[in-house]
Amino acid sequence: MLTLLRLSALWLCGFSVGALHAASVQVTDDRGVTVTLAQSPQRIVSLLPSLTETVCELGQCHRLVGVDRYSNFPASVRALPQTGGGIDPNIEAIVALKPDVVLMATSSRGVQRLEALGLKVLALEPRTSKDAQRVMALLGQLLEVPDALRIWRAIDAGVSAAAQSLPPRAKNLRVYYEVSSGGYAAGTQSFIGEMMARLGVQNIIEPKMGPFPRINPEYVVRANPDLIMIGSRNVQGLEQRPGWAGLRAIRGQHICVFTPEESDVLVRPGPRMAEAARVMARCIAQKGAP
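Residues numbered from 1 in each chain as written. Predicted model: local features only at pLDDT ≥ 70, side-chain atom pairs only at ≥ 80, totals over all residues. Heavy atoms only, no water.

(A) Molecular detail of the overall build of the chain. On a plain count of helices and strands, the chain comes out with eleven helices and eleven strands. Structurally, the chain occupies a C-alpha span of about 85 × 40 × 35 Å along its principal axes. Counting every position in the chain, which comprises 290 residues, the buried fraction comes to 48%. In the chain, once contacts between residues fewer than 6 apart in sequence are set aside, the share between residues at least 24 apart is 55%. (Helix = DSSP H or I, 4+ residues; strand = E, 2+ residues; numbered from the N terminus. Buried < 20%, exposed > 50% of the residue type's maximum accessible area, 1.4 Å probe, protein only. Contact = heavy atoms within 4.5 Å.)

(B) Region of interest: the sheet that holds strand 3 (residues 44-46). On the basis of which strands lie adjacent, the open sheet formed by four strands has the order 4-3-5-6 and parallel pairing. Here the strands that pair on one side only, and so sit at the sheet edges, are strand 4 (64-67) and strand 6 (121-123). Averaged over all adjacent pairs, the angle separating strand axes in this sheet is 20°, with direction ignored. In the sheet, strand 5 (residues 101-104) pairs with strand 6 via three bridges, with the strands oriented parallel. In the sheet register, Met104 faces strand 6, and the bridge partner there is Ala123. (Pairing = 2+ DSSP bridges. Axes fitted to C-alpha atoms, helices over the stretch in contact; angles between N-to-C directions.)

(C) Quick look at the nonpolar core. Membership of the largest hydrophobic core comes to 58 residues, with the highest contact counts inside it found for Leu122, Leu139, Met229, Met280 and Ile284. No other element matches the eight residues that helix 11 (residues 273-287) contributes to this core. When near neighbours in sequence (up to four residues on either side) are disregarded, Ile284 contacts Leu166, Ala170, Leu173, Leu199, Val201, Leu227 and Met229. By size, the runner-up hydrophobic cluster in this structure holds 16 residues, among which are Ile215, Tyr219, Val220 and Ile255. (Core = buried A, V, L, I, M, F, W, Y, C linked by side-chain atoms within 4.5 Å.)

(D) Broad picture of the packing of aromatic side chains. Per the counting criterion, the structure on display carries three aromatic pairs. Each ring, one from Tyr176 and one from Trp244, has its centre 6.0 Å from the other, and the planes form 85°; the classification is edge-to-face. In this pair, Tyr176 sits in strand 7 (residues 174-180) while Trp244 sits in the loop between strand 10 (227-231) and helix 9 (248-251), placing the two residues 68 residues apart along the sequence. On the basis of relative accessibility, which here comes to 1%, the residue Trp244 falls in the buried class. With 6.0 Å between their ring centres and 65° between their planes, Phe191 and Phe212 make a pair best called edge-to-face. Here Phe191, found in helix 7 (residues 191-198), pairs with Phe212, found in the loop between strand 9 (202-203) and helix 8 (217-223); they are 21 residues apart in sequence, far enough to count as distant. Relative accessible area serves as the criterion here: at 25%, Phe212 is assigned to the partly exposed category. Sitting above the plane of the Trp244 ring, Arg241 keeps its charged end 4.6 Å from the centroid. Geometry around Phe73 places Arg272 over its ring, the cationic atom sitting 3.8 Å from the centre. (Phe/Tyr/Trp six-rings, centres within 6.5 Å; stacked < 30°, edge-to-face > 60°. Lys NZ or Arg CZ within 6 Å of the ring centre and 35° of its normal.)

Right, dumping it as structure tokens:
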């Protein structure tokens, strides 16, 4: 009886019964799992740097209560509790933060464990530019940020401007981009490879090899790229790799060695992709073979 009286009071105040459920949010993650929340989450744990940066770019950094050990931008997130890595999350630490939702990669081993403990998990793993755009829109929906894709339009315009800044001589260079130790390269199907294409250079990695294939050093020797892009964390011993001393790029010192900060920007498919394009364009203009 009391419930009926309350509903009647709401109706008289101009609310319908359906409005009681209007605040619920429903999104589908990259596993195809639909996650329903009673309202837009106010306490978020993010276990992927690109997702952390996207939440903050949407103006919702204040909702983050914990991040993974690699999330370091913007600077404010460095003060948040760290909850392990994306692959090896600290389950106990995450649970203790009482998040409304946990954002993490589909490849993380912690997804099922967290769900088994009753936590809401949104598993997202952008690998292409289209993925990054979709994740931007989805998180905008989750956080109830209107026109979240305005950010993506600015990113896209920034990448185009970086491409237009390059001199004609820099175009059509054959490039090898090593993403991480162990010879993992940026393939044409990755967001990095797509950016290389937009900047007008040719990726030596064949499309059939996938987004981030592990490359045999001999493959690079046969391809003999004009330009090598690599992070400072992985550059040591480059010339000692079998056959690499004779590479055109190494003989001519056509090598871009990215700082750790630049590498972070380049390997994260998120709101700093326009900055990544500028970093890559500067490399191509300065180190590309004439």
